[in-house]
Amino acid sequence: MQLIHQTVAQLAERNQPLPLCTYIYDLSHLRARVRAIKAQLPANCELFYATKANPDRKILAALADVVDGFEVASGGELDHVTSTLPNVPVIFGGPGKLRHELQSALDHSVELIHVESLHELKQLQALAAQSGHHQDILLRMNIALDDTPLTRLAMAGRPTPFGLDEQHLPEAMQVLSDCRNLTLRGFHFHLMSHQCDADKHIQLIRVCIQRYKAWMDTYQLEVNHLNVGGGFGIDYSPTAAHFHWETFCQKLRDLINEEDFTAHTLRFESGRYITATCGYYAAEVIDIKQNFGEYFAICRGGTHHFRTPAAQNHNHPFTVIAGRNRQRESEIEGENVTMVGQLCTPKDVFAKQQCIEKIAIGDYVVFSLAGAYAWNISHQNFLMHEPPGFEYVESGRQ
Ligand SMILES: Cc1ncc(COP(=O)(O)O)c(C=O)c1O
């Protein structure tokens, strides 16, 4: 944290007279984290990065040598990743793919397309036939999850626009038998995000493996690839009980052995768990006021830069650093304070009624865990404020 605080102070100095507002990404931490995550995975597992979590080009470049490839979920992400990193393995998923996006995926020879519906399957076959391509695919499935607990962001186990309902699988197999330009390599699931419980995630992967094996038997398939999506969670609460990777990997190894699954590739496409911890959003306090008895600290910026807390409806963790030009007369001590931005909406809140030792106008508020689903999910044009700065550091932190 020391380097981040130093960087905040330097950037604030450089930014004067404007109050500070910036993202800081710690790239050496990102690489070290992913190396450590990958090192613990069983041998038949692969780790792809879900670009949607943060498509920043320097983050993608930092990840290029440490992940096995990149998952994209739109033509935009496909162009972005392939132009940033021309030689990395790319897989293309997501609902509602447009014709020209499918064509672009074929033209880029992506490793796999995750097909989401019967319509998409037929459309992809027609495009591949017309343009003389051969494409490997996975079918994305939505399955019943009777005894498996859902998280607060479930994409499956209930009606959603994602994947193929299992009851349509016989028809998909029928269609596939006529698809001369497509080869089914296996199945794809991204059942839920925000999973903070390693045991529950193992339970979920067991269900995926068992469904996959049952379909292999039923349809006499020669497939060898199961993608179980991402979903490993980050706990933004003060207890910060993030997904326990070591426990997960130990239990995953046991599961793979129990299910005799070593001959199949088990792929993950993780987003939040990979990049959340490398990012910080730092904003200078530009006003402090009391309203109906409650204190508010107004920071430069807002949820149009950093929508994560509003999107997740949580109090985002932060620290307060004393600013060089802090206005001592505005200081409040030991009070509950709501941290907000500059937008004209009561929804522009980073954290509500947090007990703060000391805060004054001119201090810097540094939000951690801001590297995933942050800048790129924010409503950046609302009110037409300037964008934040972007700074990249190498802290050496694990
Ligand atoms: C298909 C798919 N794969 C992977 C991810 C990444 O999920 P997470 O960031 O929770 O790991 C998502 C997120 O929505 C997704 O929809």
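Along every chain, residues carry numbers that run from 1 in the direction the sequence is written. Only residues with pLDDT of at least 70 are given local features in this predicted model, and only at 80 or more are side-chain atom pairs given and counted; all residues enter the totals for whole chains, interfaces and linings. Working from all heavy atoms in the structure, the side-chain values ignore hydrogens and water.

Looking at the pattern of salt bridges
1) Next: Any Lys or Arg side-chain nitrogen found within 4 Å of a carboxyl oxygen on Asp or Glu counts as a salt bridge. This structure, assessed with the given rule, holds 19 salt bridges.
2) Next: Between Arg324 and Glu13 there is a salt bridge, with its nearest N and O atoms 3.0 Å apart. Here Arg324, found in the loop between strand 15 (318-321) and strand 16 (332-340), pairs with Glu13, found in helix 1 (residues 2-15); they are 311 residues apart in sequence, far enough to count as distant.
3) Next: You can call Arg324 exposed: its relative accessible area is 58%.
4) Next: A salt bridge links Arg31 to Glu394, with the shortest nitrogen-to-oxygen separation between them at 2.6 Å. In this pair, Arg31 is assigned in helix 2 (residues 27-39) and Glu394 in the segment after strand 19 (389-393), connecting sequence segments 363 residues apart.
5) Next: Note on classification: 1.4 Å probe, protein chains only; a residue is buried when its accessible area is under 20% of the maximum for its type, exposed when over 50%, partly exposed between these limits. Taking relative accessible area as the criterion, Glu394 reaches 48% and is therefore assigned partly exposed. Numbered from the N terminus, helices here are DSSP runs of H or I no shorter than four residues, and strands are runs of E no shorter than two.

With respect to the pairing of strand 18 (residues 364-367)
1) Next: Residues of strand 18 alternate between two faces, with Tyr364 and Val366 on one and Val365 and Phe367 on the opposite face, all of them buried.
2) Next: Examined bridge by bridge, strand 13 (residues 279-291) and strand 18 share four bridges and lie antiparallel to one another. Note on strand 18: the bridge partner recorded for Ala283 is Val365.
3) Next: Only strands that DSSP links by at least two bridges are regarded as paired with each other. Sheet topology places strand 15 next to strand 18; four bridges connect them, and they run antiparallel. Bridging from a neighbouring strand, Ile321 pairs with Tyr364 of strand 18.

As for the site of the ligand
1) Next: Proximity is defined per residue: any heavy atom of the residue falling within 4 Å of a molecule or strand makes that residue near it. Taken together, 14 residues are adjacent to the ligand, and Ser193, Gly231, Glu269, Arg272 and Tyr373 come closest.
2) Next: We call two N or O atoms a polar contact when they sit within 3.5 Å, provided that within protein one can donate a hydrogen and the other can accept it, with sequence-adjacent residues counted only if both atoms are side-chain atoms. Contacts to the ligand include Gly271, whose backbone N or O atom sits 2.9 Å from an oxygen atom.
3) Next: A distance of 2.6 Å separates an oxygen atom of the ligand from a polar side-chain atom of Tyr373.
4) Next: Against a free-state accessible area of 400 Å², the protein chains account for coverage of 91% of the ligand.
5) Next: The cavity that encloses the ligand is the largest pocket. Residue-level accessible areas treat just the shown protein chains as cover; the underlying method is Shrake-Rupley with a 1.4 Å probe. Space inside and on the surface of the protein is sampled on a 1 Å grid over the protein atoms alone, with a cavity defined as a set of points where a 1.4 Å probe fits but cannot get out and a pocket as an open set with protein on both sides within 12 Å along at least 5 of 7 lines; lining residues have an atom within 4 Å of a point. For a molecule to be placed in a cavity or pocket, more than half of its atoms must lie within 2 Å of the grid points of that cavity or pocket.

Here's the deal with the pairing of strand 13
1) Next: In terms of strand pairing, strand 1 (residues 21-26) meets strand 13 through five bridges, oriented antiparallel. Note on strand 13: the bridge partner recorded for Cys21 is Ala283.
2) Next: Bridge analysis of strand 13 against strand 14 (residues 294-299) gives six bridges, and the strand direction is antiparallel. Bridge pairing in strand 14 places Gln290 opposite Tyr295.
3) Next: What sits between the antiparallel neighbours strand 13 and strand 14 is a turn of two residues, in which Phe292 has the positive phi angle 50 degrees.

A look at empty space enclosed by the protein
1) Next: Grid points are joined across faces, edges and corners, and a volume is the space filled by probe spheres set on the points. Tallied over the full model, the rule gives one cavity of 30 Å³ or more.
2) Next: As for the largest cavity, its lining consists of Phe189, Leu191, Met192, His201, Leu204, Ile205, Cys208, Val228 and Gly230.
3) Next: The greatest single-element share of the lining of the largest cavity, amounting to four residues, is contributed by helix 8 (residues 198-219).

Concerning the domain arrangement of the protein chain
1) Next: All the domain ranges listed were derived from an automatic or database domain assignment. Per the domain assignment, the segments of the protein chain are domain 1 (2-25 + 277-393) and domain 2 (89-270).
2) Next: Here the C-alpha centre of domain 2 lies 38 Å away from the C-alpha centre of domain 1.
3) Next: What makes two residues a contact is simply this: any of their non-hydrogen atoms within 4.5 Å. At the interface, eight residues of domain 1 touch six residues of domain 2.
4) Next: Both faces combined, the contact of domain 1 with domain 2 buries some 530 Å², and carbon together with sulfur accounts for 59% of it.
5) Next: Reported buried area values correspond to the accessible surface (1.4 Å probe) lost by two parts on association, with both partners' losses combined. Of all residues in domain 1, Gln312, His314 and Leu369 give up the largest surface area on contact with domain 2, accounting jointly for 66% of the area buried on that side.
6) Next: On inspection of domain 1 and its partner domain 2, the count reaches zero salt bridges.
7) Next: Taken together, the residues of the side of domain 1 that touches domain 2 break down into two nonpolar, six polar and no charged. All residues other than Ala, Val, Leu, Ile, Met, Phe, Trp, Tyr, Cys, Pro, Asp, Glu, Lys and Arg, Gly among them, are scored as polar; the first ten of these are nonpolar and the last four charged.

Some words on the packing of helix 6 (residues 118-131) against helix 7 (residues 169-177)
When two helices pack together, their arrangement is given by the angle between their axes and by how far apart the axes lie.
1) Next: It is the contact of helix 6 with helix 7, at a shortest axis distance of 10 Å, that shows an interaxial angle of 5 degrees. On the basis of the axis angle, helix 6 is roughly parallel to helix 7. Contact residues: helix 6 offers Leu118, Leu121 and Lys122, while helix 7 offers Glu171, Ala172, Val175 and Leu176.
2) Next: Its residues assigned to classes, the contact of helix 6 with helix 7 shows five nonpolar, no polar and two charged. To define axes, lines are fitted to C-alpha atoms, for helices over the stretch in contact only, and angles between the resulting N-to-C directions are given on a 0 to 180 degree scale. Orientation labels follow simple angle bins: below 35 degrees gives roughly parallel, above 145 gives roughly antiparallel, 65 to 115 gives roughly perpendicular, and whatever is left gives oblique.

Describing the side chain of Gln135
1) Next: On the secondary structure map, Gln135 appears in strand 6 (residues 135-142).
2) Next: Only 3.2 Å separates the side chain of Gln135 from the backbone oxygen of Val110, close enough to count as a polar contact.
3) Next: In this view, Gln135 contacts Ala105, Leu106, Val110, Glu111, Leu112, Ile113, Asn181, Leu182 and Thr183; residues no more than four positions away in its chain are not counted.

Focus on the nonpolar core
1) Next: Nonpolar cores were defined as sets of buried Ala, Val, Leu, Ile, Met, Phe, Trp, Tyr and Cys residues, with membership established by side-chain atoms within 4.5 Å. In this structure, Leu139, Phe187, Phe248, Leu252, Phe268 and Met339 are the most contacted members of the largest nonpolar core, which totals 112 residues.
2) Next: Composition of this core by domain shows at least three residues from each of domain 1 (2-25 + 277-393) and domain 2 (89-270).
3) Next: In this structure, Leu139 is in contact with Val115, Leu121, Leu164, Leu169, Ala172, Met173, Leu176, Leu184, Gly186, Phe187 and His188, ignoring residues within four places of it in sequence.
4) Next: Core analysis: the next-biggest nonpolar cluster, separate from the first, contains 12 residues, Ile4, Leu11, Leu20 and Val366 among them.

Comments concerning unusual backbone geometry
1) Next: For the peptide bond that leads from Gln16 to Pro17, omega is 5 degrees, which places it in the cis range.
2) Next: For Ala240, which is not glycine, the phi dihedral falls at a positive 45 degrees.
3) Next: Position of Ala240 relative to the elements: it lies in the loop between strand 11 (225-227) and helix 9 (245-258).
4) Next: The partly exposed category is assigned to Ala240, whose relative accessible area is 36%.

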